[in-house]
Amino acid sequence: MYNIIFVGAPGAGKGTQASRVAQKLNMVHISSGDLFRQALEQGTELGKQVKAYMEKGALVPDEITIQMVMERLSATDGANGVILDGFPRNLPQAEALDGAVGARGKTIDKVVYIEVSEEELVKRLSGRWLCRQCQAVYNTVNSPPKMEGKCDKCGGELYQRPDDKPETVKKRLDVYFAETAPLIDYYRRQGTLMTVEGEGSVEEVTRRIVAALPAEKLVVK
Ligand code: AMP
């Protein structure tokens, strides 16, 4: 089992790349943001608990987040590997993850940090559209859908995330620099960090990530 974490600012392409790399390498993709959005759409108890935080662009409290991700992780035993995207997002979450992974005799093998300039992040976030059905991500600037408002893959309706509004984007970037960016040093000290240049085409960035991962443990499709 090969465990990878994707770290990067909102808009760095974590979700897009984690999904593409997971498919290519036959791994399970776990996105904490997608899990929260699904709970919101389904109107579950969890969805009600996290709604206000998400709308503000604030982090959901660690207790709720850690429990949700751990439950999802424990359902992946036997998988070829896991890619975590959007989690951990601060030091307490990273420490909780290390503890849980260590207790099962496993390790975090690599942390992929996708680096993108702040100017590019703002541009990407404001042009982002998602599919309501399959969560595919489009961008009106770099990767528009063939038909406006419709998903190329499944025909689902595209929507803009409410937290991609300019004021919320600013808040999410502030939260990222204050709380999540310190993880880069944390994993660098652990010796697992790998930095990948996140600008360029989606395909090019995927190629860079796959090329930078050690080949021996990966089962490329
Ligand atoms: P994302 O799709 O990763 O940008 O996440 C969207 C929103 O979900 C964030 O702005 C937070 O409100 C919440 N969220 C996702 N992952 C986490 C996490 N690891 N810790 C706390 N909140 C999170």
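What counts, and where the lines are drawn
- Residues numbered from 1 in each chain as written.
- Predicted model: local features only at pLDDT ≥ 70, side-chain atom pairs only at ≥ 80, totals over all residues.
- Heavy atoms only, no water.
- Helix = DSSP H or I, 4+ residues; strand = E, 2+ residues; numbered from the N terminus.
- Rg over C-alpha atoms; globule rule 2.2 N^0.38 Å.
- Buried < 20%, exposed > 50% of the residue type's maximum accessible area, 1.4 Å probe, protein only.
- Contact = heavy atoms within 4.5 Å.
- Areas by Shrake-Rupley, 256 points an atom, 1.4 Å probe, with all protein chains shown as cover.
- Lys, Arg positive; Asp, Glu negative; His and termini not counted.
- Charge placed at Lys NZ, Arg CZ, Asp CG, Glu CD.
- Phe/Tyr/Trp six-rings, centres within 6.5 Å; stacked < 30°, edge-to-face > 60°.
- Lys NZ or Arg CZ within 6 Å of the ring centre and 35° of its normal.
- Pairing = 2+ DSSP bridges.
- Axes fitted to C-alpha atoms, helices over the stretch in contact; angles between N-to-C directions.
- Near = heavy atom within 4 Å.
- Polar contact = N/O pair within 3.5 Å; in protein donor to acceptor, adjacent residues only side chain to side chain.
- Salt bridge = Lys/Arg side-chain N within 4 Å of Asp/Glu carboxyl O.

Colleague: Mind laying out the overall build of the protein chain, listing which residues take part and the relevant values?
Modeller: Counting its secondary structure elements, the protein chain contains 9 helices and 8 strands. Whereas a compact globule of 221 residues would reach a radius of gyration of roughly 17 Å, the protein chain reaches 17 Å, a difference of no more than 12%. Overall, the C-alpha framework of the protein chain stretches about 45 × 35 × 30 Å when taken along its three principal axes. Counting all 221 residues of the protein chain, 46% fall into the buried class. At a minimum sequence separation of 6, the contacts of the protein chain that also span at least 24 residues come to 71%. Surface summary for the protein chain: the accessible area is close to 11000 Å², and the carbon and sulfur share equals 51%. Across the protein chain, 30 positive and 30 negative side-chain charges occur, with their mean positions spaced 3 Å apart.

Colleague: How would you summarise the packing of aromatic side chains if you had to cite specific residues and measurements?
Modeller: Counted according to the given criterion, the structure contains 2 aromatic pairs. Both rings, one in Tyr-176 and one in Phe-177, keep their centres 5.1 Å apart while their planes meet at 75 degrees; by these two values the pair is edge-to-face. For Tyr-176, a relative accessible area of 5% translates into the label buried. Between Tyr-186 and Tyr-187, the ring centres sit 5.0 Å apart and the planes meet at 80 degrees, which makes this aromatic pair edge-to-face. Residue Tyr-186 is classed as buried on the basis of its relative accessible area, which comes to 13%. Over the ring of Tyr-159 we find Arg-132, and its NZ or CZ is 4.4 Å from the ring centre.

Colleague: With reference to specific residues and values, describe the pairing of strand E5 (residues 128–131).
Modeller: Each regular strand shows side chains that alternate between the opposite faces of the sheet. Pairing between E5 and strand E6 (residues 137–139): 3 bridges, direction antiparallel. Bridge assignment links Arg-128 to a residue of E6, and that residue is Asn-139. Connecting E5 to the antiparallel partner E6 that follows it, the hairpin turn spans 5 residues, and Gln-135 within it adopts a positive phi of roughly 65 degrees. With 2 bridges joining them, E5 and strand E7 (residues 158–159) adopt antiparallel strand pairing.

Colleague: Summarise the sheet that holds strand E2 (residues 28–31); cite the residues concerned and give the values.
Modeller: Spatial strand order, E2-E3-E1-E4-E8: 5 strands in an open sheet with parallel pairing. Two strands in the sheet have a free side with no partner beyond their single neighbour: E2 and strand E8 (193–197). Ignoring strand direction, the axes of neighbouring strands in this sheet form an average angle of 20 degrees. In the sheet, strand E1 (residues 2–7) pairs with strand E3 (residues 81–85) via 5 bridges, with the strands oriented parallel. When the bridges of E3 are listed, Asn-3 appears paired with Val-82. Packed onto the sheet, helix H8 (residues 182–190) meets E1, strand E4 (110–115) and E8 and runs at close to 125 degrees relative to E8.

Colleague: Give a description of the site of the ligand that names residues and reports values.
Modeller: For the ligand, the set of nearby residues contains 16 residues, the closest of which are Ser-32, Arg-37, Ala-58, Gly-86 and Arg-89. Contacts to the ligand include Val-60, whose backbone N or O atom sits 3.0 Å from a nitrogen atom. Separating an oxygen atom of the ligand from a side-chain N or O atom of Arg-89 is a distance of 2.9 Å.

Colleague: Can you break down the pattern of salt bridges residue by residue, with the values?
Modeller: Per the stated rule, a full pass over the model turns up 14 salt bridges. Linking Asp-34 and Arg-37 is a salt bridge whose minimum nitrogen-to-oxygen distance equals 2.9 Å. A residue pair is termed a helical-turn pair when its members lie 3 or 4 positions apart in one helix, as Asp-34 and Arg-37 do in helix H2 (residues 32–42) at 3 residues. For the residue pair Asp-34 and Arg-37, the accessibility class agrees, reading buried in each case. With a shortest N-O distance of 3.0 Å, Asp-164 and Arg-128 are connected by a salt bridge. Placement of Asp-164 in the loop between E7 and helix H7 (166–180) and of Arg-128 in strand E5 is noted, with a sequence separation of 36 residues between them. The pair Asp-164 / Arg-128 is uniform in exposure class, with both members buried. Through salt bridges with shared partners, a single network forms among Arg-128, Arg-161, Asp-163, Asp-164 and Arg-172.

Colleague: Describe in detail the sheet that holds E6, supporting the description with residues and values.
Modeller: Ordered in space as E6-E5-E7, the 3 strands form an open sheet in which the pairing is antiparallel. Each edge of the open sheet carries a strand with a single partner, namely E6 and E7.

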